[in-house]
Amino acid sequence: MAAKMKKAPINTKVPTPLIITAKVLSFFSDEAAVKFAARLFTTPIRHKLPKRELHMEENSKVEFIDVHDIGKNIATYHYGESDRKILLVHGWSGRGTQLFKIADALLSAGYSTVSFDAPAHGKSDGKTTLMPEFVSCIFEIDKKYGPFEVAVGHSLGGMSLLNAVKRGFKIQRLVTIGSGDVVEDIMSDFINKLKLNTKYTSLMRQHFERNTDESMDNYSAYHAAAQVDIPVLVIHDEGDIEVPVTSAENIHKHLKNGQLMITQNLGHRKILGNEKVIDKTIEFITNDTNEITNTASAYLHDNIL
């Protein structure tokens, strides 16, 4: 039996100079500390495109579109020629080509994919972003390039897709991989990483809510899951140190029509290239008989060594 994993923080380690700056600001002004923390929280890292993703980028039709709701241009990637289209959505600090192994498998199965660099990611505009902007991008892409049969999302991309479906994005099936869940928990983990007092979690949430005029908890994945009727496959690794596996379990619990696949020893990103994960994803997408109820029999546990 695998050892029970401890809950892990979602955000990556914060550099020491930023922690010191946050603590100094908090000594003088809560408002200054909150604005600093919020800026960090909404600023992804633009990683250099890895060589392993070059094939997908070079063989994609790249187009830039204006997402009117947020006033930003984003890069889109059209991979394959099939009219049966699947939308791929990357996670925080990811790229539109990050799910390239899944995209290759989908092309082999007769589909094409559309993906994008979210705002402040890859080739797209912006320095900061939040999940509502991911959701706006999904709707703009659907309007321009849809309809899509299925969508696959990693991490924040999975959360964003659940929220998009909740808000009317029409697809037949959804796959989430390593998705986060409760927005307040994500903020709390980040504040802990900054070594700030726990009160700053609420202060930062209030800061965002004043600017968006909407409760941040409305975007928690389990809330969206409860309003999603289509079949959803939730995949997560038991040892994910960035997003705890309890997120997947809670999302699955709230789904009306869900399957849960728990892997081992794959972490938060290696899971995207695992053969069993990809095979299960393709099987779920292509199997017309996977209408199921959300029961214990839908729980799959893969011991991947």
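Residues numbered from 1 in each chain as written. Predicted model: local features only at pLDDT ≥ 70, side-chain atom pairs only at ≥ 80, totals over all residues. Heavy atoms only, no water.

Trainee: Now, about helix 8 (residues 199-212): what can you tell me, with residues and values included?
Mentor: Since the α-helix turns once every 3.6 residues, residues separated by three or four places project in the same direction. In a regular helix each residue adds 1.5 Å, so 14 residues correspond to 20 Å; helix 8 covers 20 Å between its end C-alpha atoms and thus fits that length. Three or more residues of helix 8 are buried, namely Y200, T201, M204, R205, H207, F208 and E209. Considering only its buried residues, helix 8 is in contact with helix 1 (16-28), helix 2 (30-41) and helix 7 (183-193). Directly beyond the C-terminal end of helix 8, a positive phi value near 60° is found at D213. (Helix = DSSP H or I, 4+ residues; strand = E, 2+ residues; numbered from the N terminus. Expected span 1.5 Å × (residues − 1). Buried < 20%, exposed > 50% of the residue type's maximum accessible area, 1.4 Å probe, protein only. Contact = heavy atoms within 4.5 Å.)

Trainee: Explain the environment of K170 residue by residue, including any values.
Mentor: Within the fold, K170 resides in the loop between helix 6 (156-166) and strand 6 (173-177). Between the C-alpha atoms of K170 and G146, which are 24 residues apart in sequence, the distance is 9.4 Å.

Trainee: Describe in detail the packing of aromatic side chains, supporting the description with residues and values.
Mentor: Scanning the model with the defined rule gives four aromatic pairs in all. Pairing F41 with F190 gives two aromatic rings, centres 5.3 Å apart and planes at 65°, and the pair type is edge-to-face. Of the two residues, F41 sits in helix 2 while F190 sits in helix 7, which places them 149 residues apart along the sequence. On the accessibility criterion, F41 (11% relative accessible area) is buried. On the basis of relative accessibility, which here comes to 6%, the residue F190 falls in the buried class. Centroid distance F41 to F208: 5.9 Å. Interplanar angle 40°. Geometry classified as tilted. (Phe/Tyr/Trp six-rings, centres within 6.5 Å; stacked < 30°, edge-to-face > 60°.)

Trainee: Any chance you could break down unusual backbone geometry for me, citing the residues and the numbers?
Mentor: The general pattern is negative phi for most residues beyond glycine and trans for most peptide bonds. The omega torsion of the bond from G146 to P147 falls at 5°, within 30 degrees of zero and hence cis. Its place among the elements puts P147 in the loop between helix 5 (131-145) and strand 5 (150-154). Phi angles above zero are rare outside glycine, and A120 is one such case at about 70°. By the element assignment, A120 lies in the loop between strand 4 (112-116) and helix 5. For A120, a relative accessible area of 1% corresponds to the buried category.

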